[in-house]
Amino acid sequence: MTGSGDDMTIDFKNPFQQTGVWLKGNLHMHTTESDGKLSPHDAVKRYEDAGYGFIAITDHNKRTMPDVRTNGMLLIPGEEIDFNHNGCYHIVAVNTQRAIGLSPDEKKTITPADVIARIRAAGGEAILAHPYWSNETIEQTKLCAGVLGVEVYNHDCHVWHGSGHSMVHWDDMLRIGMRVNGFASDDAHAYSSTSTRPDDALGGFTMVRAKERTPEAVMEAIRAGYFYASNGPEIKNVTISGSTVSIETSPVKSVSFRTPHWNSVRYENTDGSLMTAVSHAIAHTMRIMRIECMDDKGRMAWTNPFWLSE
């Protein structure tokens, strides 16, 4: 969707202006095929019982596509590629038509660009996983040109390590002109809770507006940017009128119109009441914007970026 007003052009891939179905999905999780605690069959059942519309099992350096009959939940093949290149990288490969798998020697010498090229050559898309947990700097993330997006939230990294939010890494990538979208994923391993840690499953998810309920339509929507990320709040609508952007949500405590440069603006009712709709007139100094919502439990939702130009 492109809006314009007062000599400003706003380029935003707006899922709320698309026809189709909303599907809740998770694109990062592990099973007993690598280091997860559930079998592929049981992991599929866990997400199907929770009402998910699609999942991708992404075992480490192994493409897992379980032969499981579901009652409508879509299964998308995937794999998580982990390697070192002057630092730690984990890149999630989604919808690959063949395994990527790296040998131990390849893991020591391969570059992010090489991994992304292999994923694309296999028909898949690449997502940079948990850059905060991976201790990545902008000097490392900028080597990931060609990824479709970055995990702005990783639930397992959050509940186990407190390093699940990667908003700053996302902003750093946007600041240097990388057109990357934001995903929220579980990265589930344990599928259980303890007295001091919540369950690492069913926490981070991506809401996709697909033309129909098929893996092909889900991937088409993801490639186009017709989705938003969340670990709780619902985004119900986004509209553009001239240079004003409006958002409607489930009840939230705050809404922030964020830019990786200057002039981010945060809204919160000072009387403590929750809000469900906010409008913001974009400053002409903005060149990139995204919207963050936070509810009263600290859970968040994120739109994909708006690209602004005179």
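Enquirer: Describe the overall build of the protein chain, listing the residues and the values that go with them.
Expert: Across its full length, the protein chain holds seven helices and 19 strands. On C-alpha atoms alone, the protein chain measures out to a radius of gyration of 19 Å, which is about the 19 Å that the 2.2 N^0.38 rule sets for 310 residues. In terms of overall dimensions, the protein chain has C-alpha extents of about 55 × 40 × 40 Å along its principal axes. Sorting the 310 residues of the protein chain into buried and exposed places 55% on the buried side. Contacts in the protein chain between residues far apart in sequence, at least 24 positions, make up 62% of those at least 6 positions apart. Of the roughly 12,900 Å² of accessible surface on the protein chain, a fraction of 48% belongs to carbon and sulfur atoms. When the 29 basic and 38 acidic side-chain charges of the protein chain are each reduced to a single mean position, those positions are 1 Å apart.

Enquirer: Outline the pattern of salt bridges, listing residues and values.
Expert: Where charged atoms from two side chains of opposite charge approach closely, those side chains can pair. All told, the structure shown has 17 salt bridges when counted by the stated rule. We note a salt bridge from Lys-107 to Asp-82, for which the minimum N-O separation is 2.9 Å. Placement of the pair is Lys-107 in helix 2 (residues 104-109) and Asp-82 in strand 5 (residues 74-84), with a sequence separation of 25 residues. Where Arg-223 meets Glu-125, a salt bridge forms, and the shortest distance between an N and an O atom there is 2.8 Å. You can see Arg-223 sitting in helix 7 (residues 215-224) and its partner Glu-125 sitting in strand 7 (residues 125-128), a full 98 residues away along the chain. Given a relative accessible area of 8%, Glu-125 falls into the buried group. Within the structure, one salt-bridge network assembled from shared partners comprises Asp-171, Arg-258, Arg-290 and Glu-292.

Enquirer: Could you give an account of the pairing of strand 15 (residues 265-268), naming the residues involved and the relevant values?
Expert: Regular strands show a simple pattern: their side chains alternate between the two faces of the sheet. Taken together, the four bridges between strand 14 (residues 254-258) and strand 15 define a ladder with antiparallel strand orientation. By the bridge assignment for strand 15, Ser-256 is matched with Arg-266. Counting the residues in the hairpin turn of strand 14 and strand 15 gives six residues, including Asn-263, whose phi is positive at 75 degrees.

Enquirer: I'd like a description of unusual backbone geometry, backed by residues and values.
Expert: A positive phi angle, near 55 degrees, is found at Asn-86, a position not held by glycine. Counting through the fold element by element, Asn-86 comes out in the loop between strand 5 and strand 6 (88-94). Note on Asn-86: relative accessible area 75%, which makes it exposed. Positive phi values are uncommon outside glycine, yet His-130 reaches one of about 25 degrees. As for its position among the elements, His-130 is in the loop between strand 7 and helix 4 (138-141). Given a relative accessible area of 3%, His-130 falls into the buried group.

Enquirer: Run through helix 3 (residues 112-121), naming residues and quoting values.
Expert: Because each turn of an α-helix spans 3.6 residues, side chains separated by three or four positions in sequence point in the same direction. Taken together, the buried positions of helix 3 are Pro-112, Val-115, Ile-116 and Ile-119. Buried residues of helix 3 fall within an arc of 95 degrees about the axis and therefore sit on the same side. The inward-facing, buried residues of helix 3 contact strand 5, strand 6 and strand 7. Gly-123 sits one or two positions beyond helix 3 and adopts a positive phi of about 85 degrees.

Enquirer: Give me the lowdown on helix 1 (residues 40-49), citing residues and values where you can.
Expert: For helix 1, every residue scored as buried is listed here: Pro-40, Ala-43, Val-44, Tyr-47 and Glu-48. Down the axis, helix 1 shows its buried residues gathered within 130 degrees of arc, on one side only. Here the buried face of helix 1 lies against strand 3 (21-26), strand 4 (54-57) and strand 5. With its phi angle positive at about 85 degrees, Gly-51 sits one or two positions after the end of helix 1.

Enquirer: Residues and numbers for the confidence of the model for the protein chain, please.
Expert: In this model, the protein chain carries an average pLDDT of 95, and 98% of its residues clear a pLDDT of 70 or more. Looking across the protein chain, the model is least confident in strand 1 (residues 2-5), with a mean pLDDT of 50, and most confident in strand 18 (residues 300-302), with 99.

Enquirer: Any chance you could break down the packing of aromatic side chains for me, citing the residues and the numbers?
Expert: A ring pair, where both rings are aromatic, is described by two values, the distance of the centres and the angle of the planes. Tallied over the entire structure, the rule returns nine aromatic pairs. An angle of 85 degrees between the planes, with centres 4.9 Å apart, marks the rings of Tyr-47 and Tyr-52 as edge-to-face. Judged by relative accessible area, Tyr-47 falls into the buried class, the value being 0%. Pairing Phe-83 with Tyr-89 gives two aromatic rings, centres 5.4 Å apart and planes at 10 degrees, and the pair type is stacked. Each of the two residues, Phe-83 as well as Tyr-89, counts as buried. Among the aromatic residues, ring-to-ring pairing joins Phe-16, Trp-22 and Tyr-228 into one connected group. Sitting over the ring of Phe-205, Lys-24 keeps its end group 4.3 Å from the ring centre. When the ring centre of Trp-307 is taken as origin, the NZ or CZ atom of Arg-179, which lies over that ring, is 4.2 Å away.

Procedures and definitions
Residues numbered from 1 in each chain as written. Predicted model: local features only at pLDDT ≥ 70, side-chain atom pairs only at ≥ 80, totals over all residues. Heavy atoms only, no water. Helix = DSSP H or I, 4+ residues; strand = E, 2+ residues; numbered from the N terminus. Rg over C-alpha atoms; globule rule 2.2 N^0.38 Å. Buried < 20%, exposed > 50% of the residue type's maximum accessible area, 1.4 Å probe, protein only. Contact = heavy atoms within 4.5 Å. Areas by Shrake-Rupley, 256 points an atom, 1.4 Å probe, with all protein chains shown as cover. Lys, Arg positive; Asp, Glu negative; His and termini not counted. Charge placed at Lys NZ, Arg CZ, Asp CG, Glu CD. Salt bridge = Lys/Arg side-chain N within 4 Å of Asp/Glu carboxyl O. Pairing = 2+ DSSP bridges. Arc of directions from axis to C-beta. pLDDT = per-residue confidence, 0-100. Phe/Tyr/Trp six-rings, centres within 6.5 Å; stacked < 30°, edge-to-face > 60°. Lys NZ or Arg CZ within 6 Å of the ring centre and 35° of its normal.

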